[in-house]
Amino acid sequence: MVKLELDNITKYYGERRGVENINLTIEDGEYLAVLGPTGSGKTTTMYLVAGLLSPSEGRILFNGEDVTKEPSEDRNVGFVFEEYNLFPRMSAESNVLFGPIVKGLDLSDSRQVAREMFSLLNITGKELNFPDEISGGQKQRVALARAIVSNANLLVMDDPLRALDAKIREILQVELRNLVKDLSLTCIHATHDTQEAMRVADKIAVFKDGAIVQFGTPEEVYNNPVSIYVAKFLGETTELEGTILQEKNQSFLIIEDIKFEIETDLKHGTKAVALIPAELADIYTLSEREKLNYDNIIEAEIISTKCVGEFYDVDLVAFNQVIKAKELIGKNVPLTEGSKVLFATDKGDFRIFPVEEDEKDEKEI
Amino acid sequence: MPEIRLQSVTKIFGRKVEAVKDLSFIIEDGEYVSLIGPSGCGKTTTLRLLAGTIIPTHGNIYFDDKSVENLSIRDRNIGFVFQHFAIFPHLTVWENAAYGPKVKGRKKSEIDSLVEHALKAVQIDDKAELYPPSLSAPDWQKTALARVIASEAKVLLLDEPLGALDQKIRGEFQIFLRDLVKNEGLTAIHVTHDQAEALTISDKVAVMNKGRLVQLGSASDLIFTPNNIFTSFFVGESDFLESVVIKDRETFAEVRVGQSTIKVKNMGIARGKRAVVAVRREFFKVHKYEDKIETDNFLPGVVVRDQFLGLLRRVKVKLENQQIVEIKIHAKHPIRFKEHEKVKLVIDPASTRCFEYPEAGVASALEM
C-alpha cells in the first residue's frame, strides 16, 4: 500500500549528528529491519519516517510523493514504541479506538476491525482490562492493534519487543511478521538484536554512527558482511590473523604452519583478519574424519563447554588459538572438556578483511 | 552453614494477589540455585521472602531447621546484591566492605582481616582506596559482593545482579560469580530473566510460573528431561504433538499422531489415553520425503518455510494433521527446502518426552 523512500536524509540535533545521508527504499509490502547498537541512529530514523521529527536535509517520499513537510497525523503511519505508551486510564479497547475516534472514522466499523485485531493478536477477552491489569506482551499487542486499526498502511516500530521477556519476544517475533504479511503492510522495525532482525525482516539495514553501513536480505548481510564491524555485530566470532596465500586459483589463509582454504580477492601476501562465526565452527569426533566433507579439518582440544539452551557454547584450542564454537544441542558429539576433536570449516565460513581496515574500524568504534 | 527449606509457602498481597502459591523446596548447603520464569511468576517475591523483607501469608521457611518466625533478618546471615548497586558512593571500596563488621561491633583487627580477605576474594584489593563513582560497573558489583563476604554472610541473595552489565562482560562475570560463591562456601539464590545465565551459573535452576514451582533441576535435567509441558516450552523451544497412546509396554511407547504412528519415550501414560509428545526443535532430523532413511520413526509433512537466520535455520513444516511444527537445523544443512516440498521429520524416541494431555488443552499448560 505504500512504498517508502528516504532521499539523502540528514538530521542534526544542534551540533550532534542523529543520522547523515540516509538513502533507503522500502518496497510496498516489504518488512525492513533497522539493525544497530544504541546511538546508531535507529530511533531518529523511525521518528523521521513517522513525522515526529523533521529532517535537517533531504526528502521523505511515500509512493513517490514528497511528505517531508506533512505532519505526522496526515501520514497514515502506525507507530509502536519500546514502552507501550498506552493511556493508563483507558481500557484496552478504548486505547485501540482512540485513533479512529479522533479521526472521526465510523465507530461501528472501527469496533469491528478492533475486534478482529484482538482476535488476530490473541488478546480477545482483554478488551475491558486496563493496561496495568495485563502483561507486557499483551500491552504491546494492544499497542500494535492501536497502531494498525486506523487504516495505517505503514507500520513503524522502535525496538517494540525490547522490554519483554525472551520467551514472549520469541513468540511475538513470529506473530508480528505474520500479522504484517497477512495485512500486506509496509513495515520498518528498529532493533539491536540480530536474531530478531533476521527472524522478522525481508531486508536489513545495518546502522553505525548515524549512517547505513550495509543493506540487503538477511542472508546477503550474514554471508557477506562488508566490514569487521558488521561481522562482529551479527554474532559471536573467532578472530584470527594470518597471511593470504594465492595458489593455483585457490586462496588460503596461513596462520603459523596451518593453512586454511578460504574465499577472498585479497592479493597474495596481504596480512588479513579472518572472522569465523561460532555457529559455523563445526565439531566432530576424531573417528569421523573419513566421512567428513569439509574444506578445512584440523585437530583441536575442548577447553570448556556449557549448555545454554539451544546451543552448547564450546571453546576449543588449536595452534595456540582459542576458537569459539556453537553446536546445536541435537548433535551427537561427546563434548567433554579435555577431549580431542576435529574442528571443521568450509572456505565460505571465513569473513576475510585486510588488516588495515581492522585498525581503522577499531578507532571508529 | 545453612540448608534452606521452604514448606508450603504462600504469599498473598492485599486481599487476593497470590504472588507465590504453595511453594516447597530445599536449597542445600553450598548450593547455587537460580530462579527463572516469566515476569510476574513469583521469583522476586520468593527472594524477598527468603530475605525476610516480607513474611509468608501461609507456610514456613527454615534456615537449618530453625523457623524464620523466630529468626530476625540479622540472624539469617544473609547478604544481598541487586541489579542497581546498593553501595555507599561516599565511602571507599574498603569502607564499604568494612561497613558490615563495623555495625556488628567487631574489633579493628578483626575488621581489617575480614575486609582484606573479602577484597582479595573479589579481586578488587588494588582499588581499596577508590570511591565508587570512579569505578566501572563490574567493580561496583564486586564492591557489593565484598561487603557481603566481609559481613560473614553465609547466604547470598542476588536479584538480577548482572542486569546492568554489557553482554560481553556478563559472560565473564558469571564465571567469576560462580567461582566466588564456591570458594567462599556460600549458598546462593539468584533471580534472573536470562535463561542462559541461569543454566551456566547454577547447580540447580527452579522454573516458576504463576507463583508455583514448576520444576527444580540441573541445567541438563531441564533441557533434556523436562518433567512437564511448561518446562519443555519455557526452557529452550519444543514442539508439542497431540497424540493418543496405543502401546505402553516397553521403554518406548507407541503413539498415534494424525495418521502416523511413532515411538516415543514411555513415561507411564496408559494405552488409550491422550498424550502430548514434546520434542525439542533441535532434535528433529529432516529429510526429503523420497530419501531412503534407516528409520521408520518419522512424521510426514510439507514445508511451509525454510528460514535462514545465520545462527541456524528454522524450518516450518505442516504435518498431516495440519499442525505446524518448527524445527531448527544447522545453517549449513546440505538441503535448502522449498515451499510445499514433502519431507520426513525423523524423531529419535530417546530424545522425546511424553506427558499426559492437560484437560484444558495444551495452550492452558503454556499460559504464563
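Sequence order sets the numbering: in each chain, residues are counted from 1 along the sequence as written. Here chains are named by letter from A upward and ligands by number from 1 upward, in the order in which they appear as written. Totals for whole chains, interfaces and linings use every residue, but because this is a predicted model, local features are given only for residues with pLDDT of at least 70 and side-chain atom pairs only at 80 or more, for both listing and counting. Side-chain numbers come from the whole structure's heavy atoms, not from hydrogens or water.

Asker: Describe the sheet that holds strand 14 (residues 271-277) of chain A, naming the residues involved and giving the relevant values.
Answerer: Residues and elements named next belong to chain A. Ordered in space as 13-12-11-14-20, the five strands form an open sheet in which the pairing is antiparallel. With one partner strand each, in any of the chains shown, strand 13 (258-262) and strand 20 (351-354) form the two edges of the open sheet. Averaged over all adjacent pairs, the angle separating strand axes in this sheet is 40°, with direction ignored. Here the rule is simple: two strands pair whenever DSSP picks up at least two bridges between them. The helix count covers DSSP runs of H or I at least four residues long, the strand count covers runs of E at least two residues long, and both are numbered beginning at the N terminus. Pairing of strand 11 (residues 237-247) with strand 14 involves seven bridges; the strand directions are antiparallel. What sits directly across from Thr238, in strand 14, is Ile276. Helix axes are fitted only over the stretch in contact, all axes being lines through C-alpha atoms; the angle between N-to-C directions runs from 0 to 180 degrees.

Asker: Quick one: what's the story with the domain arrangement of chain A, residue by residue and with numbers?
Answerer: All names here are of chain A. Residue ranges for the domains originate in an automatic or database domain assignment. Each domain of chain A was delimited in the assignment, giving domain 1 (4-230) and domain 2 (231-364). The criterion used for residue contact is that any of the two residues' heavy atoms lie within 4.5 Å. Listed by partner, the interface residues are 16 residues for domain 1 and 15 residues for domain 2. Buried surface at the junction of domain 1 and domain 2, summed over both partners, amounts to about 1400 Å²; 58% is from carbon and sulfur atoms. Each reported salt bridge corresponds to a side-chain nitrogen of Lys or Arg within 4 Å of a carboxyl oxygen of Asp or Glu. At the junction of domain 1 with domain 2, the criterion picks out zero salt bridges. Whenever a nitrogen or oxygen atom comes within 3.5 Å of another N or O atom, the pair is scored as a polar contact, on the condition that within protein one atom can donate a hydrogen and the other can accept it, and that pairs from neighbouring residues in sequence are kept only if both atoms are in side chains. One can count twelve residue pairs in polar contact (both at pLDDT 80 or more) joining domain 1 with domain 2. Residue assignment for the side of domain 1 that touches domain 2 shows that the elements contributing at least two residues are helix 7 (218-223) and helix 8 (228-234). Asp, Glu, Lys and Arg are counted as charged, while Ala, Val, Leu, Ile, Met, Phe, Trp, Tyr, Cys and Pro are counted as nonpolar; the rest, among them Gly, fall into the polar class. The residue makeup of the side of domain 1 that touches domain 2, split by class, is nine nonpolar, five polar and two charged. Summed over both partners, buried area is the accessible surface (1.4 Å probe) that two parts give up on being assembled.

Asker: Before we move on, could you go through the pattern of salt bridges and cite the residues and values that matter?
Answerer: For the coordinates displayed, the defined rule picks out 45 salt bridges over all chains. The salt bridge involving Arg170(B) is made with Glu197(B); its shortest N-O contact spans 2.8 Å. Of the two residues, Arg170(B) sits in helix 5 (residues 167-183) while Glu197(B) sits in helix 6 (residues 195-201), which places them 27 residues apart along the sequence. Remark: exposure states derive from per-residue accessible area (1.4 Å probe, protein chains only) relative to the maximum for the residue type, with buried under 20%, exposed over 50%, and partly exposed in between. What makes Arg170(B) buried here is its relative accessible area of 7%. Residues joined in a network through salt bridges with shared partners are Arg199(A), Glu310(A), Glu237(B), Asp239(B), Arg281(B), Glu282(B), Arg314(B), Glu326(B) and Lys328(B).

Asker: Go over the nonpolar core with me, naming the residues and quoting the values.
Answerer: Nonpolar side chains in soluble globular proteins tend to be buried together. Among buried residues, the Ala, Val, Leu, Ile, Met, Phe, Trp, Tyr and Cys ones that are joined through side-chain atoms within 4.5 Å form a nonpolar core. Grouped together as the largest cluster of nonpolar side chains are 79 residues, with contacts concentrated most on Phe260(A), Leu316(A), Phe319(A), Phe343(A) and Leu241(B). Ranked by residues supplied to this core, first place goes to strand 14 (residues 274-280) of chain B with five residues. When residues no more than four places from it in sequence are discounted, the contact partners of Leu316(A) are Ile283(A), Ala300(A), Glu301(A), Ile302(A), Ile303(A), Gln321(A), Val322(A), Ile323(A), Ala325(A), Val341(A) and Phe343(A).

Asker: Go over the packing of helix 4 (residues 137-150) of chain B against helix 5 of chain B, please, and point to the residues and values.
Answerer: Residue and element names in this part refer to chain B. Packing of helix 4 against helix 5 brings their axes to within 12 Å, and their N-to-C directions diverge by 10°. By the angle class used here, helix 4 and helix 5 are roughly parallel. Two secondary-structure elements touch here, helix 4 through Pro138, Gln141, Lys142, Leu145 and Ile149 and helix 5 through Ile169, Phe173, Phe176, Leu177 and Leu180. By residue class, the composition of the contact of helix 4 with helix 5 is eight nonpolar, one polar and one charged. Angle categories are assigned with fixed cut-offs, so that under 35 degrees is roughly parallel, over 145 is roughly antiparallel, 65 to 115 is roughly perpendicular, and the rest are oblique.

Asker: Could you give me a rundown of the environment of Arg280(B), with the residues and numbers involved?
Answerer: Along the chain, the position of Arg280(B) falls in strand 14. C-alpha separation for the pair Arg280(B) and Ser351(B), spaced 71 residues apart in sequence, amounts to 7.9 Å. Beyond its immediate stretch of four places on either side in the chain, Arg280(B) contacts Ile329(A), Leu222(B), Ile223(B), Pro226(B), Thr231(B), Ser232(B), Val235(B), Gly236(B), Glu237(B) and Ser238(B).

Asker: Tell me about the interface of chain A and chain B, and please be specific about residues and values.
Answerer: Across the boundary between the two partners, chain A contributes 30 residues, which contact 35 residues of chain B. Linking chain A with chain B are five salt bridges. For the salt bridge of Glu310(A) with Lys328(B), the shortest nitrogen-to-oxygen distance reads 2.2 Å. In this assembly, chain A and chain B are joined by 14 residue pairs in polar contact (both at pLDDT 80 or more). Mapped by element, the contributors of at least two residues to the side of chain A that touches chain B are helix 5 (166-182), helix 6 (194-200), helix 7, strand 16 (296-307), strand 17 (311-318) and strand 18 (321-328) of chain A. For the side of chain A that touches chain B, the class distribution of residues is 13 nonpolar, four polar and 13 charged.

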